[in-house]
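Commentary on secondary and tertiary structure
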Amino acid sequence: IARPIMSLPGYSPNKNLGKEKFHKSQHFDFSNGVRLAVGEEKPGIGGEPLPGQKIRPKYSMFPQGEGSDTPSWVAFDKQVLCFEAHFKEPVHESRVEQLRIRKCKIYFFLEDGTIQVVEPEKQNSGIPQDPGTLIRRHRIPLPPPHDEFHYEVQHFNINQEVVFYSRTFRITDCDLFTKKFLTKLGIRLNLPAPTPEDPYNSLRRQMEESMSPLRPYERSDTLRQFLDHDRRVLRFFCHWDDSETMFGDSRELVLHYFLADDTIEIREVTYPNSGRDAVPKFLHRRKLPKRAPPPTRQPGEITDRTVLNVFGPMGHGGRYILDNLKTGAVHEEFYKDCDLTIGAVINVWGRKVVVCDCDGFTKEYYRTKYGVEDFTPVTYKASPAPKPQKEPPPYNGFGSEEDSLCSCAGLLPKPPQKDFKKLMEKDRQGLESNILRFVGRMVSDNPIDSERKFIISFYLSDDTISIFEPPQRNSGMIGGKFLERGRIKKPGQELFKSQCSEYFKAEDLYVGARVCFNNQEFQLVDADEYVFSYMEQHAEEFPKGNIGTIISKLRSITEPKMKEIKQSFMMIDPENTGEIAYEPFRNLLMDMAGGGMSEHEIMTIGRHYCIQEQTEIDLGFLKALAQELLRKKHFESFPDMTNAFMHADEKRTGLLPVWESRTICKAFKLPLPDDLLKAILEKFENGKEEVEYNGFLSAINWRDSPVPTALPETPIKFDIGWNGEPTGPAVKKINYSILVEDVFGKHD
């Protein structure tokens, strides 16, 4: 038997003998994988409990099981157990009731173990129910003496009592999810228990039943119809023919049928200057009887209820029986929505009104409710006579025709409106002039005037024309402005007429056209490069520049003509090269067409089928252009590119295939266009599809081998000092074989 050793010096035992932990316990710990503050449960030195301290379990009584270590607030997020329960509340100082049975629901939140008790709201209960929560959501402790612990899942079961803050709740049932969850935990659920009936509610129900009459009065429930069809109105367009009466005429009416209470309102359509006063309503909103006007009834003849077999005195103390069959009741028929159909004639207090049409909502209503599909409107008025056209007076010669026409449109004359959109689109923008310039010669019997040359400019922005005569040496004529810029009328039009005159447009001017400007004829013999390019780009507006239209015209040539054209081509080209000069080609087409083709169309064919001469591109220009682009992009990775080329050249020959050189350039993201890079690489090829990369890198290196900046020699689109000389490349040779193939097809 171990006996305590006396506390003498040198004989007292050491309490720390055999201990290995002497750390001071911290204020935080883990519970179910969650960091929590320990608080009062903080143990002593080395984790040993203090005197009188109980260590709470960190986990529930159920095993953790197998699975992921997901925290509870993630694994059980938005998962709640729902129990149906009730409790008994004593009622003091009341003779009617001693206790109440109050039903409630208990919610257990699995994510944090909190509990909430909610009581469903009940009308006229006299109990504060704001907003029906008895116990707010929080963790509820167990009743004493275990109040240091809280309610967990294992504390809940059907047909079992739980105590929340000295109030006993009896659980009677739970939902399906709760049953499945508790079954998976291994809890055996009890059978559901019935909820006892509240005696006071039974007493109230008996009192209400005793007050209800055995023979209740008839109720005409119109609230349901009002709630279902409020603000829903059927609209019909009607006609009333009152032309038979004195000073009567046809009236147009709008009938509104209110679905909420089966009332009808009619309004009259009053047009301006009709001579009638605009009254608010033709018929005020009310129920419309079918047989109107109805006969006059005596007071009390029309009532809501019919009384039979009156016993005793009238009034207080008398007895009576209500007639449920309404034997002597007076019935009045009113118009319903089923009576209002297109073509129906309704009686509006003696006036025959025809329903002619309805709006879209009304059609959908009848289509849904009654299955009506035919909504053909009734024609009740003749089509209006066509308005007489206002014939403007003829032009009087003062001002322009448009200005004179605007003065006839109103009392306050306004200036004629210009096409501002066309002005903004076709005005000059940079090098795009939007001016068509032709070379014209004066048509005159005077040999001196016939040799004069003019520059005819057509401005696309406002369809104006100006004529300028360039000075010619030893011609005897002073050059300069020949015609001020303005719109020019086409010849052969009457001067004083009501319609506006026609003016020259862009499609009226083409090479070979003969135009008359202010009684002076001009022959258009040539145009600048911009005219041909503009007409070919806008071929849908200019038939003379549409190559498709011209080819279709050539295909209409007969078979003998086709053979003659082929023989002529073979005579001009005996070697059968497929190419001829432009002049004989032009003369041949002019002879074969017989005046059916203009000079502009022949020039369009020549431009389309001409043989383009390939010009050699200067290497210095390519180097200057490439270095300028690389300098703007701040590209300086030339040493790295040199190392990459040398690494790819294993034999150190200084040559690499073209495809590998392009791959290296793409790898370094060389900021050069593909066509420019291809042209520079072709300059350094050796004929075997290999590139001399040292020369290529030296050519594009703007740091070590800079070259002066060179601008490309591009033709100017618009020259303000153009004197009629050709600016674009001249058409010298025509590939007639492709033309013959496109026009006549392939032949052996």
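Along each chain, residue indices are assigned from 1 in the same order as the chain's sequence is written. Per-residue local features of the predicted model are confined to residues with pLDDT of at least 70, and side-chain atom pairs are confined, for both listing and counting, to 80 or more; whole-chain, interface and lining totals are unaffected and use all residues. The side-chain values count all of the structure's non-hydrogen atoms but skip hydrogen atoms and water molecules.

The chain is annotated in an unreviewed UniProt entry as EF-hand domain-containing family member C2 of Lepisosteus oculatus. Under the Subcellular location (unreviewed entry) heading, UniProt states for the chain: "Cytoplasm, Cytoskeleton, Cilium axoneme". UniProt positions are given in the numbering used here, feature names are shortened, and annotations may be inferred rather than shown by experiment.

A word on the packing of aromatic side chains
Think of it this way: a Phe, Tyr or Trp ring, Trp meaning its six-membered ring, pairs with another when their centres are within 6.5 Å, and the plane angle makes it stacked under 30 degrees, edge-to-face over 60, tilted otherwise. Per the stated rule, a full pass over the model turns up 24 aromatic pairs. Plain terms: the ring middles of Phe517 and Phe522 are 5.9 Å apart, the flat faces sit at 35 degrees to each other, and that makes the pair tilted. Categorising residues by exposure relies on relative accessible area from a 1.4 Å probe, with only protein chains included: less than 20% of the type maximum marks a residue as buried, more than 50% marks it as exposed, and the intermediate range marks it as partly exposed. Given the relative accessible area of 0%, Phe522 is considered buried. With 5.9 Å between their ring centres and 70 degrees between their planes, Tyr534 and Phe542 make a pair best called edge-to-face. The exposure class assigned to Tyr534 is buried, which follows from its relative accessible area of 3%. Given a relative accessible area of 3%, Phe542 falls into the buried group. One aromatic cluster in this structure is built from Phe83, Phe87, Phe108, Tyr151, Phe156, Phe164 and Phe169. Charges are assigned to positions over rings by a cutoff of 6 Å between ring centre and Lys NZ or Arg CZ, combined with an angular limit of 35 degrees from the ring normal. Above the face of the Phe258 ring, Arg285 is positioned so that its terminal group lies 3.7 Å from the ring centre.

Concerning the sheet that holds strand 3 (residues 80-90)
Pairing between the strands of a sheet is mediated by backbone hydrogen bonds and can be parallel or antiparallel. The strand order 6-5-4-3-8-7 describes an open sheet built from six strands, whose pairing is antiparallel. The open sheet is flanked by strand 6 (133-138) and strand 7 (160-164), the only strands paired with a single partner. Direction aside, the axes of adjacent strands within the sheet are offset by 30 degrees on average. Pairing between two strands requires that DSSP report at least two bridges joining them. Going along the chain from the N terminus, every DSSP run of H or I of four or more residues is numbered as a helix, and every run of E of two or more is numbered as a strand. As paired elements, strand 3 and strand 4 (residues 99-109) share 11 bridges and run antiparallel to each other. If you follow Val80 over to strand 4, its bridge partner there is Phe109. We call two residues contacting when some pair of their heavy atoms lies within 4.5 Å. Where helices are involved, their axes are fitted lines through C-alpha atoms of the stretch in contact, as for all axes, and angles between N-to-C directions lie from 0 to 180°. Set on the sheet, helix 2 (residues 176-184) makes contact with strand 3 and strand 8 (167-174); between it and strand 3 the angle comes to about 110 degrees.

A look at the sheet that holds strand 11 (residues 263-268)
A sheet is described by the order of its strands in space; here six strands give the open sequence 12-11-10-9-16-15, paired in antiparallel fashion. At either margin of the open sheet sits one strand with a lone partner, and together these are strand 12 (283-286) and strand 15 (345-348). On average, each strand axis in the sheet is tilted by 35 degrees relative to the strand beside it, whichever way the strands run. Sheet analysis places strand 9 (residues 233-241) next to strand 10 (residues 250-258), joined by nine bridges and oriented antiparallel.

Side note on the environment of Glu536
Within the secondary structure, Glu536 sits in helix 9 (residues 529-537). Note on Glu536: relative accessible area 33%, which makes it partly exposed. With 68 residues separating them in the primary sequence, Glu536 and Thr604 have C-alpha atoms 8.1 Å apart. With residues near it in sequence (within four places) discarded, Glu536 still touches Gly545, Thr604 and Arg607.

Observations regarding the packing of helix 14 (residues 619-632) against helix 18 (residues 693-700)
Here helix 14 crosses helix 18 at 65 degrees, and the two axes come no closer than 8 Å. Across the interface between the two elements, Lys623, Ala626, Gln627 and Leu630 from helix 14 touch Ser698, Ala699 and Ile700 from helix 18. A per-class count over the contact of helix 14 with helix 18 returns four nonpolar, two polar and one charged. Only Asp, Glu, Lys and Arg are considered charged, only Ala, Val, Leu, Ile, Met, Phe, Trp, Tyr, Cys and Pro nonpolar, and every remaining residue, Gly among them, polar.

Describing the side chain of Glu97
Within the secondary structure, Glu97 sits in the loop between strand 3 and strand 4. Among all residues touching Glu97, those that are not within four sequence positions of it are Val91 and Tyr200.

Thoughts on the confidence of the model for the chain
Scored from 0 to 100, pLDDT records how confident the predictor is in each individual residue. For the chain, the average pLDDT comes to 83, and 88% of its residues sit at 70 or higher. Segment residues 712-718 is flagged for pLDDT under 50; beyond a separation of four residues in sequence, or across chains, it makes nine contacts in the model.

Structural notes on the nonpolar core
The nonpolar side chains of a soluble globular protein tend to be buried with one another. Put simply, buried Ala, Val, Leu, Ile, Met, Phe, Trp, Tyr and Cys residues joined by side-chain atoms within 4.5 Å make one nonpolar core. Counting residues in each nonpolar core, the largest one holds 52 residues, and the members touching the most others are Leu436, Phe517 and Ile605. Apart from residues no more than four positions distant in its own chain, Leu436 is found in contact with Ile456, Ser457, Phe458, Leu460, Ala506, Tyr530, Val531, Tyr534, Met535 and Phe542. By size, the runner-up hydrophobic cluster in this structure holds 26 residues, among which are Phe638, Cys665, Leu670 and Leu697.

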